[in-house]
Amino acid sequence: MSGRLFHSGRIAIVMVGLPARGKTHIAVSLARYLGWLGVKTRIFHLGDYRRATVGQGGHVPEDYFYPNASPASVVLRQKILKKCREDIYGWLNHENGQVAIYDAVNPTASGRRSLAKEFAKHDVQTLFLESYVDDDNLLRENARNVKIGSPDFAKMDPDEAAQLYLKRIETKIPTFETMDEKELNYIKMINAGQTFFYNNVSFNYLSHRIVFYLTNTHIKSRATFFVRPGTATEEDSYKADAPLSEEGLKYANVMTETVIKHREQERASRIASGGSDVPLRPLTVWCSTRMRTLQTADNFKERGYKVRQRSQMAEINPGVCERLSERAIRRLYPEEVEKHELDPYHHRYPRAESYHDLAVRLEPIILELEREQNDLLIIAHESVLRVLYAYLMHCSTMDIPNLKFPRNEIIEVIPSAYQNEAKRIHIPGLDPKTVPGSPEDIRIPVPDSGADTPAPLPGGGLTAPATPSITVEKPPERVVNTAAEAVRDKITDED
């Protein structure tokens, strides 16, 4: 896979907007979606280049962002911009990149026009994406949630710190011109997607996909839970739509109680730590149309929760590998095994689906997941959970076939400013026989990694306990996602 859609050309998405407007959050989300589509995408944060240029502990001049800056500030600014753009061109020209996201303030119309002309000289189409916010409450919330992690605001009241930060931005960046250049291609998101304005954006397939994605997103915080269905009476069969076994029914009861109890405990913890006493968000349950997932969701339906069936969430089709042992598959299909070992994500066995096929099938679910504003519980086969989790946590496609979801854990994905975070919720009291991975999965020739799953890139990941406890109730555990750490230094950015 080249990571290029050749009919779409090369695109530079240029972010526009003052700090605390959610530019980096939008850039990261968009890069995750484009990567999901198979488009080679990279974000170039101008703040990274500023920090590298001034050195550790260094500071830019006070007039750095001023239109009438001093000659020294202008020289420094041009040096930083030149290095960033050279890297963009190098990546597009020599690393087969297709979409470069340029994350900076880009405050003036004249600067944006010059940037568009410069990219055009390098045969790169430019799409500007402005995040414009004039809602004071939203501004304060963004600043409070994202930008006041700086030591300058330590021990301050969050609301006072947010106000101080916004005043500091007004001082440091006194001139900002919202986009109104008729000749440029741009999208303006107003108040985090409440309203959109488009200008000249219908120039290729990718531009349509970008617009479609942005209009399906929102910024309301909500949790997504992943859990597997209970064991079925014919657990090793893909074709048989078998009902839950007795153990599977017991599992469904315990899992339901665990989810409900966890949400109530999380709310109590927020209130105890000074949070507002607000009701729990509604919980919606999604499951496939397979009997085992429907019966696992029945306990929620009986308690009044909304349960919605999604036919696209059926498990991966194993084709000729169904019911065959690893030894038999290696003996009967040695050439296929060799191909699978080289690329377990894209390879498909005869009459089977690959994980890439499954990901394509799940794209409507991805967009609906982005639209969902309630808390969401997804009950699905392990193969489906792998793909959906990998989307939300920005995992590599090569890691997807190896991710493990033991039945004694519920995985909660929590939206955060720059990268989603996750934690594991232990389900107590289960029979150890119900815990291992799905028998009907195409498990070969994935190397045996013991109890650990590979880490979502660039690090971190899901892990499953080697010896599941059946009596001890464990507290939730945070899943380390170092993809979040990769953008942690953007918190105090003023670019």
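Keep in mind it's a predicted model, so treat the numbers as computed, not measured.

## Section: the overall build of the chain
Turning to step 1, where the next piece is worked out: Scanning the chain from N- to C-terminus turns up 15 helices and 13 strands.
Turning to step 2, where the next piece is worked out: Intrachain contacts of the chain at a sequence separation of at least 6 include 71% that bridge at least 24 residues.
Turning to step 3, where the next piece is worked out: If you sum the accessible surface of the chain, you get close to 22,500 Å²; carbon and sulfur atoms cover 51% of it.

## Focus on the packing of aromatic side chains
Turning to step 1, where the next piece is worked out: A complete count under the given rule lists nine aromatic pairs for this structure.
Turning to step 2, where the next piece is worked out: Taking the centre distance of 6.1 Å and the plane angle of 35° together, the rings of Tyr 186 and Phe 197 count as tilted. In this pair, Tyr 186 is assigned in strand E5 (residues 186-190) and Phe 197 in strand E6 (residues 195-199), connecting sequence segments 11 residues apart.
Turning to step 3, where the next piece is worked out: Consider the rings of Tyr 389 and Phe 405, whose centres lie 5.8 Å apart with planes at 80°: the pair is edge-to-face. With Tyr 389 in helix H14 (residues 382-393) and Phe 405 in the loop between H14 and strand E11 (409-414), this pair connects stretches of sequence that are 16 residues apart. The pair Tyr 389 / Phe 405 is uniform in exposure class, with both members buried.
Turning to step 4, where the next piece is worked out: Here a set of aromatic residues connected by ring pairs shows up, and it is made of Phe 226, Tyr 389 and Phe 405.
Turning to step 5, where the next piece is worked out: Lying over the aromatic face of Tyr 391, Arg 32 brings its terminal NZ or CZ to 4.9 Å of the ring centre.

## So, the sheet that holds strand E3 (residues 99-103)
Turning to step 1, where the next piece is worked out: Spatially, six strands are ordered E2-E3-E1-E4-E5-E6 in an open sheet, and the strand pairing comes out mixed. Strand pairing shows two members of the sheet lacking a second neighbour, strand E2 (41-45) and E6, which therefore form its edges. Recorded for the sheet is a direction-independent mean angle of 15° between the axes of neighbouring strands.
Turning to step 2, where the next piece is worked out: Where strand E4 (residues 125-132) and E5 come together, five bridges link them in parallel fashion. In the sheet register, Phe 128 faces E5, and the bridge partner there is Tyr 186.

## Observations concerning the side chain of Asn 191
Turning to step 1, where the next piece is worked out: By secondary structure assignment, the location of Asn 191 is in the loop between E5 and E6.
Turning to step 2, where the next piece is worked out: Taking relative accessible area as the criterion, Asn 191 reaches 9% and is therefore assigned buried.
Turning to step 3, where the next piece is worked out: Setting aside anything within four residues of it in sequence, one finds Asn 191 in contact with Tyr 132, Val 133, Asp 134, Asp 135 and Leu 138.

## Here we look at the pattern of salt bridges
Turning to step 1, where the next piece is worked out: Counted under the stated rule, the structure contains 25 salt bridges.
Turning to step 2, where the next piece is worked out: Arg 263 serves as the salt-bridge partner of Asp 375, at 3.1 Å between the closest nitrogen and oxygen. Within this pair, whereas Asp 375 is found in strand E10 (residues 375-379), its partner Arg 263 is found in helix H8 (residues 246-272), the two being separated by 112 residues in sequence.
Turning to step 3, where the next piece is worked out: Under the relative-accessibility criterion, Asp 375 is labelled buried at 5%.
Turning to step 4, where the next piece is worked out: The buried category is assigned to Arg 263, whose relative accessible area is 7%.
Turning to step 5, where the next piece is worked out: The closest approach of N and O atoms between Arg 281 and Asp 375, which form a salt bridge, is 2.8 Å. With Arg 281 in the loop between H8 and strand E8 (283-287) and Asp 375 in strand E10, the pair connects residues that are 94 residues apart, well separated along the chain.

## Focus: the packing of H8 against helix H9 (residues 291-302)
Turning to step 1, where the next piece is worked out: Closest axis-to-axis distance for the H8/H9 pair is 9 Å, and the angle between their directions is 45°. Looking at the two axes, H8 sits oblique to H9. In this structure, H8 meets H9 at a crossing whose hand is right-handed. In this structure, H8 uses Tyr 251, Ala 252, Asn 253, Met 255, Thr 256, Val 259 and Ile 260 to contact H9, whose residues at the interface are Thr 296, Asn 299 and Phe 300.
Turning to step 2, where the next piece is worked out: Looking at the contact of H8 with H9, its residues break down into six nonpolar, four polar and no charged.

## Thoughts on the packing of helix H2 (residues 46-54) against helix H3 (residues 71-94)
Turning to step 1, where the next piece is worked out: Interhelical geometry of H2 versus H3 gives an angle of 125° and a closest axis separation of 9 Å. Considering the angle they form, H2 stands oblique to H3. The way H2 lies across H3 gives a crossing that is right-handed. Contact residues: Leu 46, Tyr 49, Arg 50, Thr 53 and Val 54 in H2; Leu 76, Lys 79, Ile 80, Leu 81, Lys 83, Cys 84 and Asp 87 in H3.
Turning to step 2, where the next piece is worked out: In the contact of H2 with H3, the residues fall into seven nonpolar, one polar and four charged.

## Some remarks on the nonpolar core
Turning to step 1, where the next piece is worked out: Core analysis: the biggest nonpolar cluster contains 56 residues, and Ile 13, Leu 129, Ile 187, Leu 214, Phe 226, Ile 378 and Tyr 389 have the highest contact counts within it.
Turning to step 2, where the next piece is worked out: If one sorts the elements of this core by residue count, H14 sits on top with nine residues.
Turning to step 3, where the next piece is worked out: Excluding anything up to four places from it in sequence, Leu 129 contacts Ile 13, Val 14, Met 15, Val 16, Ile 26, Leu 30, Ile 187, Met 189 and Leu 214.
Turning to step 4, where the next piece is worked out: Core analysis: the next-biggest nonpolar cluster, separate from the first, contains 40 residues, Phe 44, Tyr 64, Phe 65 and Val 124 among them.

## What to know about the pairing of E10
Turning to step 1, where the next piece is worked out: Taking burial as the measure, the five residues of E10 include five buried ones, the bulk of the element.
Turning to step 2, where the next piece is worked out: What you see with E10 is no split at all: Asp 375, Leu 377 and Ile 379 on one side and Leu 376 and Ile 378 on the other are buried throughout.
Turning to step 3, where the next piece is worked out: In this sheet, E10 lies alongside strand E7 (residues 224-227) in parallel orientation, the contact comprising four bridges. The partner of Phe 226 across the bridge, within E10, is Ile 378.
Turning to step 4, where the next piece is worked out: Pairing of E8 with E10 involves five bridges; the strand directions are parallel. Considered in E10, the bridge of Leu 283 is made with Asp 375.

## Focus: the confidence of the model for the chain
Turning to step 1, where the next piece is worked out: Confidence in the prediction for the chain averages 82 pLDDT; 82% of positions are at 70 or higher.
Turning to step 2, where the next piece is worked out: Residue range residues 438-472 is modelled with pLDDT below 50. Its contacts to residues more than four positions away, or to other chains, number 100 contacts.
Turning to step 3, where the next piece is worked out: Under a pLDDT of 50 for its full length, residues 482-488 has, in the predicted model, 13 contacts with residues more than four places off or in other chains.

## Here we look at H9
Turning to step 1, where the next piece is worked out: Between the first and last C-alpha of H9 there are 16 Å, a value that for 12 residues agrees with the 16 Å anticipated at 1.5 Å per step.
Turning to step 2, where the next piece is worked out: Residues of H9 that are buried: Arg 292, Thr 293, Thr 296, Ala 297, Asn 299 and Phe 300. The buried side chains of H9 occupy one side of the element, clustering within an arc of 125° when seen end-on. Residues of H9 that are exposed and point more than 90 degrees away from the buried face comprise Lys 301 and Glu 302.
Turning to step 3, where the next piece is worked out: In the core, the buried residues of H9 are packed alongside H8, E8, strand E9 (306-309) and E10.
Turning to step 4, where the next piece is worked out: Gly 304, located one to two residues past H9, shows a positive phi value of around 95°.

About the criteria used
Residues numbered from 1 in each chain as written. Predicted model: local features only at pLDDT ≥ 70, side-chain atom pairs only at ≥ 80, totals over all residues. Heavy atoms only, no water. Helix = DSSP H or I, 4+ residues; strand = E, 2+ residues; numbered from the N terminus. Contact = heavy atoms within 4.5 Å. Areas by Shrake-Rupley, 256 points an atom, 1.4 Å probe, with all protein chains shown as cover. Phe/Tyr/Trp six-rings, centres within 6.5 Å; stacked < 30°, edge-to-face > 60°. Buried < 20%, exposed > 50% of the residue type's maximum accessible area, 1.4 Å probe, protein only. Lys NZ or Arg CZ within 6 Å of the ring centre and 35° of its normal. Pairing = 2+ DSSP bridges. Axes fitted to C-alpha atoms, helices over the stretch in contact; angles between N-to-C directions. Salt bridge = Lys/Arg side-chain N within 4 Å of Asp/Glu carboxyl O. Parallel < 35°, antiparallel > 145°, perpendicular 65-115°, else oblique. Left-handed = near helix turned anticlockwise from the far one by under 90°. Nonpolar A, V, L, I, M, F, W, Y, C, P; charged D, E, K, R; others polar. Core = buried A, V, L, I, M, F, W, Y, C linked by side-chain atoms within 4.5 Å. pLDDT = per-residue confidence, 0-100. Expected span 1.5 Å × (residues − 1). Arc of directions from axis to C-beta.

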